[in-house]
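The primary structure of each chain is shown beneath.
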Amino acid sequence: MPASSSGTAAVAVRTRREGAVLVATIAHPPVNALSVEVRRGLLQAAEAADADPEIAALLLVGEGRGFIAGADIREFGKPPLPPSLPEVCNRIEACRKPVIAAIHGPALGGGLEVAMAAHYRVALADAKLGLPEVQLGLMPGSGGTQRAPRLMGLQPALELMLSGRHLDAQEALECGLVDRVAEGNDALAAGLAYALQLLATRAPVRRTGEGVLAADIESARATLKGIAADTAKKTRGLFSPLKIVEAVEAGLDLPFAEALRNERQLFLQCIDSPQRAGLVHAFFAEREVAKAPETRSAKPRPLASVGVVGGGTMGAGIAVAVLDAGLPVTMVERDEASLARGRANVEKVYDGLVKRGRMTPEAKAAVLARFAGSTSYDALAGADLVIEAVFEDMAVKHAVFAELDRVAKPGAVLATNTSYLDIDAIAAGISRPQDVIGLHFFSPANIMKLLEIVVPAKVSADVVATAFELAKKLKKVPVRAGVCDGFIGNRILARYRQAADYMMEDGASPYQIDEAVRAFGYPMGPYQVSDLAGGDIGWATRKRKAPTRDPRARYVQIADRICERGWFGQKTGRGYYLYPEGARTGVPDPEVLAIIDAERQRAGVQPRRFGADDILRRYLAAMVNEGANVVRERIALRPLDVDVTFLYGYGFPRFRGGPMKYADTIGLDRVLADIREFAQEDPLFWQPSPLLVELVTQGRNFDSLNHPAD
Ligand code: COA
């Protein structure tokens, strides 16, 4: 007798009888998120199991890719619809018949909370179990903070919740989160077999909530104190991690039901926090960027072998990124010595891994077997894609592309890793401009996640689709960018760096600026970054731009004075900071302050005081304003593309969602008012972006441009 539920719940959760077992199948693609229909369906299933005398056990199983990926993130911030997830979990746990969760694929967040509310858990080998709410500015809010410690122990549970890490089936078994790991790839069969075995042995109902949170309360309190202190230090300024610790701690003293209510209160505080909004924005934005129009309209070309021209830091980093993705790489350099250096640059990365015990020498050898080098372009004849990473000079690029045009097979994708040169001009120099695209990697290219895919006018759509396919293989976050000086990221960076330099000349020290930027949530300030990257890089850019610089524009010469002394940052032992004896963290340098003072005098500037807030207002207004220009000119498709660029390439604090999301949070009218105020001093630099003005006039925000179809 099939007992199925009715209404929309029937779609999201199907129930049917298998002998004495009621099977509730969660069928809510793509990831079985716990939207209201699923919650209703699960509640009804628990009730149906209890109500039917012929049913002896309830089996929960997911259909498709996994068990349950968690709460429906799209519902956050909207009015809640009953039943709530805590209600569903409590009802499952209260079942008078054994409830078994059979887990395959992701059982994350609310999904794991449902599983922990069940009485028994079996996992397939591909299961991924975790409580990753913290990554969205949240905490488990449906019993997770109380049930996880009861199953796994206090410390492992906190580690799971504070890191957001996923456990595999074996790890979950070892820590007590699941009862068994089953063979095969059929969760339903594994769950049924386990249920039948439990029934045959008359296994009792076993409620996680009836266990104890910690056997020794006083020692648990001491442990929690240590974890709280450590968390406060490590998660600087994040809201939800400490709430997680607080919820667990409250559970030491409160009865289970009250501890759950307390957890829910803390969870709701997290839901209301701007950090949650920022992190959820980042979650969807980083998925959205991968859906460029060309990925829908065209199929990628074959991508089985890659060529890299140039074996410097960038070329070698790109080669490693491609090797790590399992593809073969052919590197071309101009002579044997350069090739040997390129090969050494590649090997150095793997040697480091072997030294740290993160790779075996055999694995290194296996990777390097896919690496070939040559001093002849002819070696690239078979490559599906060639990435050029040679010196940033148009004549050099033209020469390289002429060679590629000569040797590459028809249909090969020809990519340049330039960070600012005109890719349309590079493409125009060869016979197949439709095959030319920009792939702007960030250094170190094998580590940094961002990949700007720069789309010149003549490129064909399937080449763009191939670039996105490459990003996927390389596990990079791709952002589609248009051609302009600096594309999305470096173009915006140039503006806010200029704003920072103006403040430096006007009275703020580089150390103050760095500190304000770090306090905002960046790992480093702009002058620390400059010291790390090497001051000579910015110097070269400034020299390149000098001839085309607007003669009316203000130009701060402090950086030039520092570079003229050969102070290029960490690699020379001093830059804006001093790095005594190779130290990686710099200390303020009185001589730099003296240079700044001298420059102020030369420029006739009367220094004034800047508070941290003044610094941030200018720094961010410059960033957001140029971000708006970049969107207006379609260099970035949407504001969210700017956000993802800055989250993945420039250290913008993720919990703020990106510069455009941040601007929405504080209000575009406020940003515009700031720009107009600053424009009174320097109207040329502080020209409000017409897009910003338009949005403020219309009472709209940047996010309204992220979903034009809505
Ligand atoms: N709620 C709503 N939508 C979700 C979701 C959730 N919890 N988890 C994933 N999705 C959506 C994604 O936005 C994506 O939608 P799209 O196709 O429209 O872009 C789709 O499901 C597939 O997700 P994706 O991440 O592209 O697939 P994947 O196979 O690479 O990864 C997961 C699957 C489940 C591991 C990953 O999506 C994930 O980590 N989800 C969040 C889990 C989580 O944090 N849960 C706790 C919530 S508090």
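Further up the page is the structure itself.
Please read all numbers here as calculations on a predicted model, not as lab measurements.

(A) How the structure looks around the overall build of the chain. In terms of regular secondary structure, the chain is built from 30 helices and 19 strands. Referenced to the eigenvectors of the C-alpha coordinate spread, the extents of the chain come out at roughly 85 × 60 × 55 Å. Within the chain, the fraction of its 710 residues that count as buried is 55%. Counted over contacts in the chain with a minimum sequence separation of 6, partners at least 24 positions apart contribute 73%. Summing over all exposed atoms, the chain offers an accessible surface of approximately 29,900 Å²; the carbon and sulfur share of this is 55%. Across the chain, 85 positive and 85 negative side-chain charges occur, with their mean positions spaced 1 Å apart.

(B) Spatial organisation of unusual backbone geometry. Between Pro 29 and Pro 30 the backbone carries a cis peptide bond, its omega angle lying at 0°. For Pro 30, the position within the fold is in the loop between β2 (21–26) and α2 (36–51). Of note, the amide linkage connecting Ser 443 to Pro 444 takes the cis form, showing an omega dihedral of -5°. Relative to the helices and strands, Pro 444 is located in the loop between β15 (436–441) and β16 (450–455). Residue Lys 475 is not a glycine yet carries a positive backbone phi of 55°. Residue placement: Lys 475 occurs in the loop between α19 (461–473) and β17 (477–482). Backbone geometry places Phe 487, a non-glycine residue, at a positive phi of 55°. If you trace the backbone, Phe 487 turns up in the loop between β17 and α20 (489–506).

(C) Quick look at the site of the ligand. If you check the shell around the ligand, you find 19 residues, and the closest are Arg 65, Ala 71, Ile 73, Arg 287 and Lys 291. For the ligand, the protein covers 74% of the area, taking 870 Å² as the surface of the free molecule. Here the shell around the ligand takes 3 residues from helix α12 (residues 274–288), the largest share from any one element. For the shell around the ligand, the per-class residue count stands at 12 nonpolar, 1 polar and 6 charged.

(D) Structural view of the sheet that holds strand β11 (residues 329–332). With respect to topology, 8 strands assemble into an open sheet ordered β12-β11-β10-β13-β14-β15-β16-β17, the strand pairing being mixed. With one partner strand each, in any of the chains shown, β12 (371–374) and β17 form the two edges of the open sheet. Strand after strand, the sheet turns through a mean of 25° between neighbouring axes, direction not considered. Where strand β10 (residues 306–309) lies against β11, 4 bridges are found, and the strand directions are parallel. Within the sheet, the bridge partner assigned to Val 306 lies in β11 and is Val 329. In the packing of helix α15 (residues 336–355) onto the sheet, contacts are made with β11 and β12, and the angle to β12 comes to roughly 160°.

(E) Seen up close, helix α5 (residues 144–152). By the criterion of burial, α5 is predominantly enclosed, with 8 of the 9 residues buried. Among the residues making up α5, those that are buried are Gly 144, Thr 145, Gln 146, Arg 147, Ala 148, Pro 149, Arg 150 and Met 152. Of the surrounding elements, those touching the buried residues of α5 are α3 (85–94), α4 (110–117), α6 (154–163), β8 (166–168), α10 (240–253) and α11 (256–271). Note on α5: the residue one or two positions beyond its end, Gly 153, has a positive phi of about 100°.

(F) Representation of the environment of Glu 47 in the model. With respect to the secondary-structure elements, Glu 47 resides in helix α2. Taking C-alpha positions, Glu 47 is 69 Å from Phe 401, a pair spaced 354 residues apart along the chain.

(G) Spotlight on the pairing of β2. Taken across its 6 residues, β2 has 6 buried, putting it largely inside the fold. Neither face of β2 is left uncovered, since the one carrying Val 21, Val 23 and Thr 25 and the one carrying Leu 22, Ala 24 and Ile 26 both have all their residues buried. Pairing geometry for strand β1 (residues 13–18) and β2, over 6 bridges, is antiparallel. Within β2, the residue paired with Arg 14 across the bridge is Thr 25.

The rules behind the values
- Residues numbered from 1 in each chain as written.
- Predicted model: local features only at pLDDT ≥ 70, side-chain atom pairs only at ≥ 80, totals over all residues.
- Heavy atoms only, no water.
- Helix = DSSP H or I, 4+ residues; strand = E, 2+ residues; numbered from the N terminus.
- Buried < 20%, exposed > 50% of the residue type's maximum accessible area, 1.4 Å probe, protein only.
- Contact = heavy atoms within 4.5 Å.
- Areas by Shrake-Rupley, 256 points an atom, 1.4 Å probe, with all protein chains shown as cover.
- Lys, Arg positive; Asp, Glu negative; His and termini not counted.
- Charge placed at Lys NZ, Arg CZ, Asp CG, Glu CD.
- Near = heavy atom within 4 Å.
- Nonpolar A, V, L, I, M, F, W, Y, C, P; charged D, E, K, R; others polar.
- Pairing = 2+ DSSP bridges.
- Axes fitted to C-alpha atoms, helices over the stretch in contact; angles between N-to-C directions.

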